[in-house]
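Observations on the three-dimensional arrangement
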Amino acid sequence: MRDLSGVEVEVLTGHTMPEPVKAPEGAKAGEPFAAPGQGMKPARAEYNGKKLRTGGCIGWSKGQLGVEEADPITVAQLAGDSLMQSMKDDKVVKAVAAWSSCMDGKGHPGLADPYKAMDQGVTDDGVPSQESIALAVDDIDCKKQTDLVKIWFGVESAIQNEQIADDRSRLTGIKEQHGKEIAAARKQVAASAR
């Protein structure tokens, strides 16, 4: 599926496209991770002569369904925090260093972490170059050789399991609200299919 244009995001959500979220340079464990919605502004008032709804089409549809959106920040904040904490774990730091060394040996010097490889592999026109393809293939190979994905996944999963245990009641409430939203949407779909 193609990325949505800026105006499509505004029509759907009622706000401008958020700025991309990246792990900050030199971030330390426990530092707050950028919350979703950073850099967003309210959508334009109208598009193609039609007034945009508050909350966009998505907000309007939620209103039609009669559901309240579950807390959209909590889970994203926990995910960001677990990522930041995992990045500072000794096992992850060692695995990333081994990955970086592997990448250096394959002719990709100066890549401190896989995020740098992703940034370097992006082309201006969105069409992969031979260099970006080679970088991606070498990235996969180095991740396999160093077991980076398995190590990082294990560390971050352990952190997330702790987070789940610490915030179980709030997360259970979010899960229950998601269940209500899904049930309301299914009911609406069934009614409109008749």
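The structure presented is a predicted model; accordingly, all values stated were derived computationally and were not measured. (Residues numbered from 1 in each chain as written. Predicted model: local features only at pLDDT ≥ 70, side-chain atom pairs only at ≥ 80, totals over all residues. Heavy atoms only, no water.)

1. Thoughts on the state of the cysteines
According to the stated counting rule, one finds 1 disulfide in the structure shown. Bridging Cys-102 to Cys-142, the disulfide has an S-S length of 2.1 Å. Taking the torsion about the sulfur-sulfur bond, which here is approximately -80 degrees, the covalent link between Cys-102 and Cys-142 counts as left-handed. Of the two residues, Cys-102 is situated in helix α4 (residues 90-105) and Cys-142 in helix α6 (residues 130-146); the sequence distance between them amounts to 40 residues. Of the two residues examined, Cys-102 and Cys-142, each falls in the buried class. (Disulfide = S-S within 2.5 Å. Helix = DSSP H or I, 4+ residues; strand = E, 2+ residues; numbered from the N terminus. Buried < 20%, exposed > 50% of the residue type's maximum accessible area, 1.4 Å probe, protein only.)

2. What to know about the confidence of the model for the protein
Low pLDDT marks regions whose predicted coordinates should not be analysed in detail. For the protein, mean pLDDT is 85; residues scoring 70 or higher make up 87% of the total. Across residues 28-35 the pLDDT falls below 50, and counting only partners more than four positions away or on other chains, this stretch makes 19 contacts in the model. (pLDDT = per-residue confidence, 0-100. Contact = heavy atoms within 4.5 Å.)

3. Here's the deal with the nonpolar core
Soluble globular proteins tend to pack their nonpolar side chains together in the buried interior. Counting residues in hydrophobic clusters, the biggest one holds 17 residues, and the most contacted among them are Trp-99, Met-103, Leu-111, Leu-148 and Trp-152. Mapped by element, the contributors of at least two residues to this core are α3 (74-87), α4, α6 and α7 (148-166). At 6 residues, the largest contribution of residues to this core is made by α4. Apart from the residues lying within four places of it in its own chain, the contact partners of Leu-148 are Ala-95, Val-96, Trp-99, Pro-114 and Lys-143. (Core = buried A, V, L, I, M, F, W, Y, C linked by side-chain atoms within 4.5 Å.)

4. Comments concerning the pattern of salt bridges
Within the structure shown, the criterion is met by 4 salt bridges. Salt-bridge contacts for Arg-44 lead to Glu-10; the nearest nitrogen and oxygen are separated by 2.9 Å. With a gap of 34 residues between them, Arg-44 in the loop between α1 (6-13) and β1 (46-47) and Glu-10 in helix α1 connect regions that are remote in the sequence. Looking at Arg-44, the relative accessible area reads 40%, which means it is partly exposed. Residue Asp-167 pairs with Arg-170 through a salt bridge whose shortest N-O separation is 3.4 Å. The partly exposed category is assigned to Arg-170, whose relative accessible area is 43%. (Salt bridge = Lys/Arg side-chain N within 4 Å of Asp/Glu carboxyl O.)

5. Comments concerning unusual backbone geometry
Positive phi, close to 50 degrees, is recorded for Asn-48, a residue that is not glycine. With respect to the helices and strands, the residue Asn-48 is situated in the loop between β1 and β2 (50-51). By relative accessible area, which is 67% here, Asn-48 ends up exposed. The backbone of Asp-147 shows a phi angle near 60 degrees, a positive value even though the residue is not glycine. As for its position among the elements, Asp-147 is in the loop between α6 and α7. Using a relative accessible area of 37% as the deciding quantity, one classes Asp-147 as partly exposed.

6. Let's talk about the environment of Lys-51
Relative to the helices and strands, Lys-51 resides in strand β2. Each C-alpha atom, one on Lys-51 and one on Val-11, is 9.5 Å from the other, the two residues being 40 residues apart in sequence.

7. A short note on the packing of aromatic side chains
Scanning all chains against the criterion turns up 1 aromatic pair. Ring centres of Tyr-115 and Trp-152 lie 6.2 Å apart, and the angle between their planes is 85 degrees; this geometry places the pair in the edge-to-face category. You can see Tyr-115 sitting in helix α5 (residues 114-121) and its partner Trp-152 sitting in helix α7, a full 37 residues away along the chain. (Phe/Tyr/Trp six-rings, centres within 6.5 Å; stacked < 30°, edge-to-face > 60°.)

8. Re α3
With 14 residues, α3 extends 20 Å from end C-alpha to end C-alpha; this agrees with the ideal 20 Å at 1.5 Å per step. Within the span of α3, buried status applies to Thr-74, Leu-78, Gly-80, Ser-82, Leu-83, Met-84, Ser-86 and Met-87. Against α4, α5, α7 and α8 (168-193) lie the buried residues of α3. (Expected span 1.5 Å × (residues − 1).)

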